[in-house]
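Reading the structure
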2 protein chains.
Amino acid sequence: MTTARGYAAQSATSPLAPIQFERREPGARDVQLEVLFCGICHSDLHQARDEWGGSAFPMVPGHEIVGRVTRVGADVTKFKVGDLAGVGCMVDACRTCPSCKEGLEQYCAQTPVYTYNSKERDGKTPTQGGYSDVLVVDQDFVLKVPANLDPARAAPLLCAGITTYSPLRHWKVGPGQRVGVVGLGGLGHMGVKFARAMGAHVVVFSHTDKKKQDALRLGAHEVVVSSNAEEMEARAGTLDFVLDTVSAPHDINAYLGLLRRDGSLVLVGVPEKPLPLQPFSLIAQRRSFSGSSIGGINETQEMLDFCGKHEVLSDVEVIPIQQVNEAYTRLLKGDVKYRFVIDMRSLKE
Amino acid sequence: MTTARGYAAQSATSPLAPIQFERREPGARDVQLEVLFCGICHSDLHQARDEWGGSAFPMVPGHEIVGRVTRVGADVTKFKVGDLAGVGCMVDACRTCPSCKEGLEQYCAQTPVYTYNSKERDGKTPTQGGYSDVLVVDQDFVLKVPANLDPARAAPLLCAGITTYSPLRHWKVGPGQRVGVVGLGGLGHMGVKFARAMGAHVVVFSHTDKKKQDALRLGAHEVVVSSNAEEMEARAGTLDFVLDTVSAPHDINAYLGLLRRDGSLVLVGVPEKPLPLQPFSLIAQRRSFSGSSIGGINETQEMLDFCGKHEVLSDVEVIPIQQVNEAYTRLLKGDVKYRFVIDMRSLKE
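Residues numbered from 1 in each chain as written. Chains lettered and ligands numbered in written order. Predicted model: local features only at pLDDT ≥ 70, side-chain atom pairs only at ≥ 80, totals over all residues. Heavy atoms only, no water.

**Considerations on the interface of chain A and chain B**
Here is the rule: Here, two residues are considered to be in contact whenever any of their heavy atoms come within 4.5 Å of each other. Buried area: the sum, over both parts, of the accessible surface (1.4 Å probe) that disappears when the two are put together. Polar contact criterion, stated in full: a pair of N or O atoms within 3.5 Å, where within protein one must be able to donate a hydrogen and the other to accept it, and residues adjacent in sequence count only if both atoms are side-chain atoms. Segments assigned H or I by DSSP are reported as helices when at least four residues long, segments assigned E as strands when at least two residues long, and all are numbered from the N terminus. Ten residue types, Ala, Val, Leu, Ile, Met, Phe, Trp, Tyr, Cys and Pro, are classed as nonpolar, four, Asp, Glu, Lys and Arg, as charged, and the remainder, Gly among them, as polar. Two strands are said to pair when DSSP picks up at least two bridges between them.
Taken together, the 34 residues of chain A in the interface contact 34 residues of chain B. When chain A packs against chain B, the two sides together hide about 2,800 Å² of surface, and 58% of this comes from carbon and sulfur. Counting the surface chain A buries against chain B, the share from its top three residues, Arg261, Ile283 and Arg286 of chain A, is 26%. Counting every contact that joins chain A to chain B gives 15 residue pairs in polar contact (both at pLDDT 80 or more). At the level of secondary structure, the elements contributing two or more residues to the side of chain A that touches chain B comprise helix 2 (98–101), helix 4 (160–170), strand 14 (259–267), strand 15 (275–277), helix 9 (279–283) and strand 16 (288–291) of chain A. Tallying contributions element by element places strand 16 of chain A first for the side of chain A that touches chain B, with four residues. Considered class by class, the residues forming the side of chain A that touches chain B number 16 nonpolar, eleven polar and seven charged. As paired elements, strand 16 of chain A and strand 16 (residues 288–291) of chain B share three bridges and run antiparallel to each other. In the strand pairing of strand 16 of chain B, serine 290 of chain A is matched with serine 288 of chain B.

Below is the structure:
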C-alpha cells in the first residue's frame, strides 16, 4: 500500500482537513499518478455536506484531476511514466452491460464506480478523490491529456468539460445552428466555449447583465438578460438547442419557449427540487426536454483531443489546498471565474 | 351561402343546442361535405366551456369528421362527388412558413386555422365544426377515407388517431421495441392499436385493473396497474418509448423511470397544470420528455391509409346529436368505450 495525503471531510458538517490514507499498490493494469491539479466541482460540496444523501466519510472529494504518471503496472500499454494524464468522475464500471459496451459507462446499469464517495468493484473498498497527492486507477479509466494544454486549466475539463461537450455532440450541435447556454458558471462557461468551437451561433442567458462582457470574451455572440421579458420574447422560437447548466430553481418553460420546432433543451445542472413543467411548452412545437450526465471514457478522450486541437481550456482561479474551505464558501455565492482549481503541490507546504 | 344546421354552445355555461348558420358557397378549390359522423373529443368540451380561455361563441364543436362529398369546386382534383372524405383539427394554415412547407401544418408559425373556435385566413370569419350537417373546406385540408373503413369508427382517427400515430412514427416505433401507453381513453386506446400494428411490444399502464381485459383485447401484450409499486418497479428502465395520453395531473417521473437509456416519453394529453419534473429522471439515463400535437395533413393521410391496410379503427359508442350534452357529462366521468361518435343523420329527426 501507498500512503496518500489529502484533504477530507470527516462528516457532513466538518470542514475539509488534512488526512492520511492508503492507496492500493498499482496492479498489472493500474496507473499511479502524482496529482498536479484538481478542480472544485459543485458536486464536491454537495457530497461533502451530504446534500444528496448517502455520503460516506471520511471523504476525499475531487474528480477533475490532472496528474503525472509515476508508476505503471506490467500490463499497462496506454501510459508510460512521465505522461500527463487525467481522471474524471469515474474510475471503473461493470464493463459488461449494454451502456458500458457502447462506451457510455456513465449510464452503467450497475452504476459506475465514482472517483470518490463510492465503492470499488469489490463492493467494499471506498474510493477517494483528487484532493490528494497520489491516485491509482485502472488504465481504462485514465485519459491522455494533450501536452499543449495547461494542466491547471485542463483539470476542469474532466467534469465541467465533458458534461457540456457530451450533450452538444450527442444532439449534433454545429455550424448554422443557434445555441442557447443558460447560466454562466463552471459548466456554462465551458458550454459557451465548446458551442463556439463547434461552429454554432451562441446566445448566453444570464439573470443579470454583470457577466455580459465576460460572456462575449468567452465566445458568446449575444447575451440576453433572462429577466428582461422583451429580450426573451425576441428570441422565442429561434434556438435549435439550449444547454441548461443551472442548478438553482428556474423557470424551465421560459427556456423551452426559446426553441424552434423539434428543438431540444438539455439539462446538465441538477436542481434539487422538481421543476414545474407546462405541457404546452413541449406540445406546441414538438420540443424535447432532456438530461445528460457527464460522458463516457472514449468521448472524454475525444473531448480532450478536441480541446488540444482548438485550445479550449477552463478559466480558472488556482488556489492552495489550504484555501479549500474558503473556496467552498465563495462557490456557494457564485464568486468564482469560473472554476477553482487546487494546486496539489501546496499539500507539501 | 348554404344554410347549415348543427349544435352549438351559445356561451361557456350553456348546454349545446340546435343552431342554424351559414357556410360559404364552395370556391374553386373547396370541397363540400355532408357530414356523416363526428367524434366527440375532450377538447370539444374544454373549448365549449372556455376552459382554455379565448373561446368565441356561438361555437359548433367537432373536428373528427367523416362525410360524403356533395359538391366540388372547379379546380378540385383530389375529390369527386360521392367520395368518402375526412376533416380533422385544421382547415387551413399559412402554407408558407417552414413548418407548413415541411408538411407540418400543425406547427404553422402563424398557427393553423382550426376547424372550429378559430378564424379563417381572412382573420375575421369564424370557423364552425362538425356537429353540423354540412362542411366546406379547401381540398388541401380534406383527407381521403379508405372505402373499407366503417365511417363511424373512422371518425375519431381524424384527431385521436393522428395524435397518437404521429409521435409513434416520428420517434420510429417498430418491431423489437417495448412501448408503454399511459392511460386507456380515447387517445390511449388508439395508441395501443397503432403501436401493436407497428409491431411493438405494448405495455398499457392504467390506474386500476378494471380495463385490463379490454386493454388486452385492444392489442396490449401486458397491463400494469400504475398504483402497484412492485409492478412498476419491475418495468423500470425497460421501455424504449412511452406514449402518455393522460390529461389529468399525474406523476410523470414514475413513467420517465420506465424508460431505458435514451428513451423518450411523449405527452399528447394536455394536463392543465404544470407537471413537477425531477431533473434526475432525465439526467440519469439521458432520457427525453417531449410533446406532440396532432399531425400534418400528409401524415394524416398516411395514417388513414395505414388504418385501411391494417384495419385499425376506433372503438366507438354512436349517439344521436340529441344526446351530446349527456355524452359530455359521461365523458367527464371517463364513462365511454372509447369514443363517442355522433351520427349526424340524427340532426334530421
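**Brief notes about the relation of the copies chain A and chain B**
Operational definition: When the copies are superposed, the least-squares fit draws on C-alpha atoms of residues that have pLDDT of at least 70 in both.
Screw-axis analysis of chain A against chain B gives a translation of 0.0 Å along the axis, an RMSD of 0.0 Å, and a rotation angle of 180°. Expressed as an axis order, the relation between the two copies is that of a two-fold axis. In terms of C-alpha distance to the rotation axis, chain A has proline 276 of chain A as its closest residue, with the C-alpha 2.2 Å off the axis. The fraction of interface residues of chain A whose copies in chain B are also interface residues reaches 100%, indicating that both copies meet through the same surface.

**Focus on unusual backbone geometry**
As a reminder, the rule being used: Burial status follows relative accessibility: with a 1.4 Å probe on protein chains alone, a residue under 20% of its type maximum counts as buried, one over 50% as exposed, and anything between as partly exposed.
That bond from lysine 337 of chain A to tyrosine 338 of chain A is cis: its omega, -15°, falls within 30 degrees of zero. By the element assignment, tyrosine 338 of chain A lies in the loop between helix 11 (324–332) and strand 18 (339–343). Of note in this structure, isoleucine 294 of chain A is not a glycine but carries a positive phi near 30°. For isoleucine 294 of chain A, the location among the structural elements is in the loop between strand 16 and helix 10 (297–310). Judged by its relative accessible area of 11%, isoleucine 294 of chain A falls in the buried class. Despite not being glycine, aspartate 262 of chain B shows a phi value in the positive range, around 65°. Position of aspartate 262 of chain B relative to the elements: it lies in strand 14 (residues 259–267). What makes aspartate 262 of chain B partly exposed here is its relative accessible area of 29%.

**Observations regarding the nonpolar core**
To be explicit about the condition: For our purposes a nonpolar core is just a set of buried Ala, Val, Leu, Ile, Met, Phe, Trp, Tyr and Cys residues, chained together by side-chain atoms within 4.5 Å. Residue ranges assigned to the domains are those given by an automatic or database domain assignment.
Counting residues in each nonpolar core, the largest one holds 99 residues, and the members touching the most others are Ile40, Tyr131, Leu157, Phe194, Val204 and Val324 of chain A. Take this core: its biggest share by element is six residues, from strand 3 (residues 30–39) of chain A. Of the residues that make up this core, three or more belong to each of domain 1 (2–159 + 295–348) and domain 2 (161–291) of chain A. Grouped together as the second largest cluster of nonpolar side chains are 98 residues, Val192, Ala195, Met198 and Ile294 of chain B included.

**Some words on the pattern of salt bridges**
The condition that has to hold: For salt bridges, the criterion is a side-chain nitrogen of Lys or Arg within 4 Å of an Asp or Glu carboxyl oxygen.
The tally for this structure, following the rule as stated, stands at 52 salt bridges over all chains. The closest approach of N and O atoms between glutamate 64 of chain A and arginine 339 of chain A, which form a salt bridge, is 2.7 Å. One end of the pair, glutamate 64 of chain A, is in the loop between helix 1 (42–48) and strand 4 (65–72); the other, arginine 339 of chain A, is in strand 18, with 275 residues separating them in the sequence. Both residues of the pair, glutamate 64 of chain A and arginine 339 of chain A, count as buried. The partner of lysine 337 of chain B in a salt bridge is aspartate 214 of chain B, and the shortest N-O contact between them spans 3.7 Å. Taken together, the positions of lysine 337 of chain B in the loop between helix 11 (324–332) and strand 18 (339–343) and aspartate 214 of chain B in helix 6 (residues 212–218) put the pair 123 residues apart, joining distant regions of the chain. Assessed through its relative accessible area of 14%, aspartate 214 of chain B is described here as buried.

**A short note on the domain arrangement of chain A**
Residues and elements named next belong to chain A. As far as domains go, chain A holds domain 1 (2–159 + 295–348) and domain 2 (161–291). The C-alpha centroid of domain 2 is placed 27 Å from the C-alpha centroid of domain 1. Listed per partner, the contact involves 21 residues of domain 1 and 20 residues of domain 2. At the boundary of domain 1 with domain 2, total buried surface from both sides reaches about 1,800 Å², with 56% on carbon and sulfur atoms. Remark: the boundary between domain 1 and domain 2 carries four salt bridges. Note that aspartate 315 and lysine 193 form a salt bridge whose closest N and O atoms lie 2.6 Å from each other. Summed over the shared surface of domain 1 and domain 2, the result is 15 residue pairs in polar contact (both at pLDDT 80 or more). Here the element with the most residues in the side of domain 1 that touches domain 2 is helix 10; it accounts for seven residues. Residues of the side of domain 1 that touches domain 2, tallied by class, amount to ten nonpolar, five polar and six charged.

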